[in-house]
Amino acid sequence: MEEVWITGAGVISALGVGKEATLQALLEERAGIGPVRFLDTTQTEFPVGEVPLDNEELRLLAGVGKKPISRSALMGIVAMKEALEEAGIGRDEMGKVSVVSGTTVGGMDMGEKYYRDWLGNDDYNDYIKTYTCGACTEQIVEEVGPVRMATTLSTACSSAANAVVLGANMIKTGEADCVVVGGTECLTRLHLNGFGSLMILDKGLCRPFDASRGGLNLGEGAAYLVLESATHARQRGVSAKALLAGYGNACDASHQTATSENGEGPYRAMKKALEMAGIEPSQVDYINAHGTGTENNDATESAALLRLFGEDCRVPVSSTKSFTGHTTSASGAIESVISLLAVEHGFVPANLHCDTPGEGCVKPVCHTMRDVRLHYVLSNSFAFGGNDTALLFAAPEVRVAMPAMPDSRQLYICAAEQVSLQQPLSRDWMTSPKIHNTPFEKAEDPSFGEYLKPLEARRMGLMLRRAAVTAGKATADCVPDAIVAGTGLGSIEYTEQILDSLYDDGEGYVKPACFMQSTHNTAASTIAIRTVNHGYNATYSHNGSSFAASLYDIWLQQRLGYLSTALVTAQDEMTEGFFRIFAKHGFLGNQGVTAGECSAAFLLSDRGENLSRAMCKLSGVEMQHCPTDEEKHLALLRLLAKAGLSLDKVAGVLLGLNGRETHDARLLASARKVYGEVPLLQYKHLFGEGFSAEALGVYAAACCLSAGEVARPLNIDDSAPKIVGPECLLVEGGDEDGVQSLILLTRK
Amino acid sequence: MEELIQTLKQQIIEVLNLEGMKPEDIDNDAPLFNEGLGLDSIDALELIVLMEKKYGIKLQDPKAAKDVFQSVRVMAEYIEQHRSK
């Protein structure tokens, strides 16, 4: 495996723009938290950590003109440019660089501003394309790219930390030489009110680990790290600022918004990180804690820290959220940069405002420790849904022993279930499909009462119920090592309720249940909580490639030997209102294909005991950002070569034709160039269009390989001969103007 | 008071999405949390929003709010005394 080096970093937060400003503020113990200046809110009693620039100033700094763009994207551009500059990577070299960004808010600042306009008039339609989490990453990439591949992690407050994890896995497997990882999140009324509804905001300055702590202060910002394989960095002649020595992701699997008493998730995440680096807890020189300042987090994190580092925990601990506020999805990256600054400049930042450590809490470092040598620094990021991740950085002179890649093992799709526009949890569509001819339909639901008790279902929206049921069916008795979900929009039903409430009732009345289910990671984490699964847990939200990214994540980790069984899901629901909004954008509402809803779940395994029910092999996943036909063809050849197959073995390619005439014409013309004479198939006309639709393409292909013939309803041309005994099928998916994927499935 | 108790039960069912439950299924004096109706801390937060939105009562401390949410009757009595809507 390749050593993962960090060769550049960039940051923007309440402490200012850039690493230098951040360093000075930390050394001088100057926090950036104060009254609201820029966010248009009536909730002014809560102090916040705002980036000290308005959007116009940010536009200038980011070098973007007048185009529609979200504040999250603007901050992301500024931070990413700094990271790339430090790493010495010019724009002309970006074609080889991938970007993995974390966000949950995405373009919600524009969403909450223009939501009612989008529904009522055409004045701000240009902003619709800035709304999603994926759009936020795409907008950043547009300013630094074109890039090789891009995706978006959305695990609430650990999003950026999990982006670091994916980037590292891409490098270790040799899938990438260089990946820019991190996250961005601006303040919005939506999450300020959401956190307010959970009553975990402090009206004073946050006091992490203090006995009198009364909650968190929200912050905003962005930060990115340039991760590079040691080989690649040496070739370029650049040195490491630090190494990524280890990382761990574990699920607390306890509660959607609260952490467990004993801190099982945090403990496991930190332990995994140390084990990966092969070091003892006593070798850690500084811990940058998650330390939000809430009663619950700080108690739990302390419990986990004392459990791992001993009751007399001698390792200096501090929460720099006392400087920046809680920058939610960006925090993992901002605190990574702070950790790197600490290593580079030999200091431990202070934990402000902790005069008397709370009962059971760690005793944090109250004032900056200077002139210290830090070899290993641990940075914690925990999130709603119990999505807990710890990152372990090492000083550049530290040597990390890298294990060899394990022997490759075949990965199988052992089960696949769906709820969509077809008969739920059934393969009837293969012989008697339902035909649709309206622009938008809700999915056909199974009877939830059979699977879920009313009390446990009371806070679950449709999307979550479907995810729980399909996942339960697919997993059966198996205990997966990992649960990964893809979703373009998350629970749009609950998000819509929050937006309606902000418009109709004013601020202060956001329903806590709606807020906690509106983060994109609710499906993966709810499944983990229901089954008490402490394994790896992540959620991707990058428009139409969300599911492919989830599969890609699992594919990488299985090759690294980090897991052997995984549950991968995809889910998106649609409301009348958001259907109208996305129809304006041109994505939905096209002739011949119905906008639908999807929930799909796949159990993947390389373990013998699960193979009796295998449907097919997963033989590879390729992801590219805006590829040309030539680049796509090369990716196809790479994919086939790695699987030891040739193009003549491919029985068909499932294309994401969505009924939009210009889109479909381009897709077909491109497919002819890329795949030659391979028969072309379609699936969205049966299952519906939506951000998660690609999962149903994979589902349909797996069903066909399992049945030993391609189901007739997938044919584009009714008169085409029936394909019997397919060796392998390809599923092409993603977004035409964004990330595209190729997924190769082979018969078992 | 009886009328308020009935309205309140309906509102609780609605705001907490207690599917299949009718007002008569909730005992006036049974505990709402844990062993009674089986509600949890998030439900308490929902009820805090309900109190403010429907009755103009701002409960600042979620722990103290638990005393108000002992039962539907206690809740109704509290509303009677403190309502501004």
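Residues numbered from 1 in each chain as written. Chains lettered and ligands numbered in written order. Predicted model: local features only at pLDDT ≥ 70, side-chain atom pairs only at ≥ 80, totals over all residues. Heavy atoms only, no water.

A separate point is the overall build of chain A. Helix and strand counts for chain A stand at 23 helices and 23 strands. The C-alpha atoms of chain A give a radius of gyration of 24 Å, which matches the 27 Å a tight globule of 748 residues would have. With the C-alpha coordinates aligned to their principal axes, the bounding extent of chain A is approximately 75 × 60 × 50 Å. A total of 748 residues make up chain A; the buried ones form 68% of that total. (Helix = DSSP H or I, 4+ residues; strand = E, 2+ residues; numbered from the N terminus. Rg over C-alpha atoms; globule rule 2.2 N^0.38 Å. Buried < 20%, exposed > 50% of the residue type's maximum accessible area, 1.4 Å probe, protein only.)

Along its length, chain B carries four helices and zero strands. Ordered by position from the N terminus, the helices and strands of chain B form the series α-α-α-α. Over its C-alpha trace chain B gives a radius of gyration of 12 Å, about what one expects of a compact globule, namely 12 Å for 85 residues. For chain B, the residues scored as buried account for 46% of the 85 residues in total. When contacts within chain B are restricted to residue pairs at least 6 apart in sequence, those whose partners lie at least 24 apart make up 59%. Here chain B displays about 4400 Å² of accessible surface, and carbon together with sulfur accounts for 47% of that area. For chain B, the centre of its 10 positive side-chain charges and the centre of its 17 negative side-chain charges are spaced 6 Å apart. (Contact = heavy atoms within 4.5 Å. Areas by Shrake-Rupley, 256 points an atom, 1.4 Å probe, with all protein chains shown as cover. Lys, Arg positive; Asp, Glu negative; His and termini not counted. Charge placed at Lys NZ, Arg CZ, Asp CG, Glu CD.)

A few words on the pairing of strand S23 (residues 739-747) of chain A. Regular strands have side chains that alternate between both faces of the sheet. All names here are of chain A. For S23, a buried count of eight out of nine residues is recorded, marking the element as mostly surrounded by other parts of the structure. Summarising the sheet, strand S19 (residues 616-625) and S23 pair through nine bridges and their orientation is antiparallel. Residue pairing for S23: Leu 618 is matched across the bridge by Leu 745. Sheet topology places strand S22 (residues 728-734) next to S23; seven bridges connect them, and they run antiparallel. Each residue of the ladder has a partner; that of Leu 730, found in S23, is Leu 744. Between the antiparallel neighbours S22 and S23 lie four residues. (Pairing = 2+ DSSP bridges.)

Residues and elements named next belong to chain A. Residues Gly 145 and Pro 146 are joined by a peptide bond in cis, for which omega reads 5°. Position of Pro 146 relative to the elements: it lies in the loop between helix H5 (133-144) and strand S5 (149-153). We note that Ala 156 has phi near 50°; this positive angle belongs to a residue other than glycine. Following the sequence through the fold, Ala 156 ends up in the loop between S5 and helix H6 (159-172). Looking at Ala 156, the relative accessible area reads 4%, which means it is buried. With phi around 55°, Asp 371 is a residue other than glycine that occupies positive phi space. Its place among the elements puts Asp 371 in the loop between helix H12 (331-345) and strand S12 (376-381).

Below, the discussion takes up the packing of helix H2 (residues 41-55) of chain B against helix H4 (residues 72-82) of chain B. All names here are of chain B. The contact between H2 and H4 brings their axes to 12 Å, and the two run at 35°. As for the relative orientation of H2 and H4, their crossing is right-handed in sense. Together, Leu 47, Leu 50, Met 51 and Tyr 55 of H2 and Met 75, Tyr 78 and Ile 79 of H4 make up the contact between the two elements. (Axes fitted to C-alpha atoms, helices over the stretch in contact; angles between N-to-C directions. Left-handed = near helix turned anticlockwise from the far one by under 90°.)

For the rest of this paragraph, the subject is helix H21 (residues 661-675) of chain A. All names here are of chain A. Taking 1.5 Å of rise per residue, 15 residues should cover 21 Å, and H21 covers 21 Å from first to last C-alpha, within 8% of that figure. Taken residue by residue, H21 has His 663, Asp 664, Leu 667, Ser 670, Ala 671, Val 674 and Tyr 675 as its buried positions. The buried residues of H21 occupy an angular sector of 135° when projected down its axis, which confines them to one face. What points out from H21, more than 90 degrees from its buried face, is the exposed set Glu 661 and Lys 673. In this structure, the buried residues of H21 make contact with helix H20 (629-642), strand S20 (650-655), strand S21 (680-682), S22 and S23. Phi turns positive, to about 60°, at Gly 676, one or two residues after H21. (Expected span 1.5 Å × (residues − 1). Arc of directions from axis to C-beta.)

Further remarks concern the interface of chain A and chain B. In this assembly, 20 residues from chain A lie in contact with 23 residues from chain B. Per-residue buried area on chain A facing chain B is highest for Met 199, Arg 458 and Tyr 509 of chain A; these three make up 38% of the total on that side. The tally of links from chain A across to chain B stands at seven salt bridges. Here Arg 465 of chain A and Glu 19 of chain B are joined by a salt bridge, their closest N and O atoms 2.9 Å apart. Across the chain A-chain B interface, the total number found is ten residue pairs in polar contact (both at pLDDT 80 or more). (Buried area = accessible area lost by both parts, 1.4 Å probe. Salt bridge = Lys/Arg side-chain N within 4 Å of Asp/Glu carboxyl O. Polar contact = N/O pair within 3.5 Å; in protein donor to acceptor, adjacent residues only side chain to side chain.)

The next point concerns the pattern of salt bridges. Taken as a whole and judged by the stated rule, the model has 49 salt bridges over all chains. Where Arg 373 of chain A meets Glu 397 of chain A, a salt bridge forms, and the shortest distance between an N and an O atom there is 3.3 Å. Placement of Arg 373 of chain A in the loop between H12 and S12 and of Glu 397 of chain A in the loop between strand S13 (387-394) and strand S14 (411-419) is noted, with a sequence separation of 24 residues between them. Note on Arg 373 of chain A: relative accessible area 62%, which makes it exposed. For Asp 40 of chain B, the salt bridge is made with Arg 458 of chain A, and the minimal N-O distance between the two is 3.5 Å.

Residue and element names in this part refer to chain A. Taken as a whole and assessed by the stated rule, the structure comprises 19 aromatic pairs over all chains. Aromatic side chains Tyr 114 and Tyr 127 sit 4.8 Å apart centroid to centroid with 45° between the ring planes, which places their arrangement in the tilted category. With Tyr 114 in helix H4 (residues 108-120) and Tyr 127 in the loop between H4 and H5, this residue pair connects regions lying 13 residues apart in the sequence. Residue classification places Tyr 127 among the buried positions, given a relative accessible area of 14%. Measuring from centroid to centroid gives 5.7 Å for Tyr 131 and Phe 578, while their planes differ by 35°, and the two rings are tilted. Highlighted residues: Tyr 131 in the loop between H4 and H5 and Phe 578 in helix H19 (residues 576-585), separated in sequence by 447 residues. Grouping aromatic residues by their ring pairs yields a cluster made of Tyr 115, Trp 118, Tyr 131, Tyr 503, Phe 578, Phe 582, Phe 587 and Phe 691. (Phe/Tyr/Trp six-rings, centres within 6.5 Å; stacked < 30°, edge-to-face > 60°.)

Attention shifts here to helix H1 (residues 2-15) of chain B. Residue and element names in this part refer to chain B. Its 14 residues place the ends of H1 20 Å apart at the C-alpha level, agreeing with the 20 Å of an ideal helix rising 1.5 Å per residue. If you follow the buried residues of H1, they end up packed against H2 and H4. Positive backbone phi, approximately 55°, marks Asn 17, located one or two places after H1.

Generally speaking, a soluble globular protein has its nonpolar side chains buried in company with each other. With 251 residues, the main nonpolar core has Phe 309 and Trp 429 of chain A together with Phe 69 of chain B as its most contacted residues. The two domains that each donate at least three residues to this core are domain 1 (4-394) and domain 2 (412-490 + 541-746) of chain A. When sequence neighbours within four positions are dropped, the list of residues in contact with Trp 429 of chain A reads Gln 422, Leu 686, Phe 687, Tyr 699, Ala 700, Cys 703, Cys 704, Ala 711, Pro 713 and Leu 714 of chain A. Core analysis: the second largest hydrophobic core is formed by 18 residues, Val 653, Leu 657, Ala 671 and Leu 742 of chain A among them. (Core = buried A, V, L, I, M, F, W, Y, C linked by side-chain atoms within 4.5 Å. Domains from an automatic or database assignment.)

Residue and element names in this part refer to chain A. Each domain of chain A was delimited in the assignment, giving domain 1 (4-394) and domain 2 (412-490 + 541-746). One C-alpha centre belongs to domain 1, the other to domain 2, and the line joining them spans 32 Å. Contacts between domain 1 and domain 2 engage 32 residues on the former and 29 residues on the latter. Taking both sides of the interface into account, the surface hidden between domain 1 and domain 2 amounts to around 2500 Å²; carbon and sulfur atoms contribute 59%. Here domain 1 is connected to domain 2 by three salt bridges.

So, on to the environment of Gln 591 of chain A. Residue and element names in this part refer to chain A. Here Gln 591 is to be found in the loop between H19 and strand S18 (598-605). Gln 591 sits in the exposed class, given a relative accessible area of 71%. Sequence spacing of Gln 591 and Asn 658 is 67 residues, and the spatial spacing of their C-alpha atoms is 8.3 Å.

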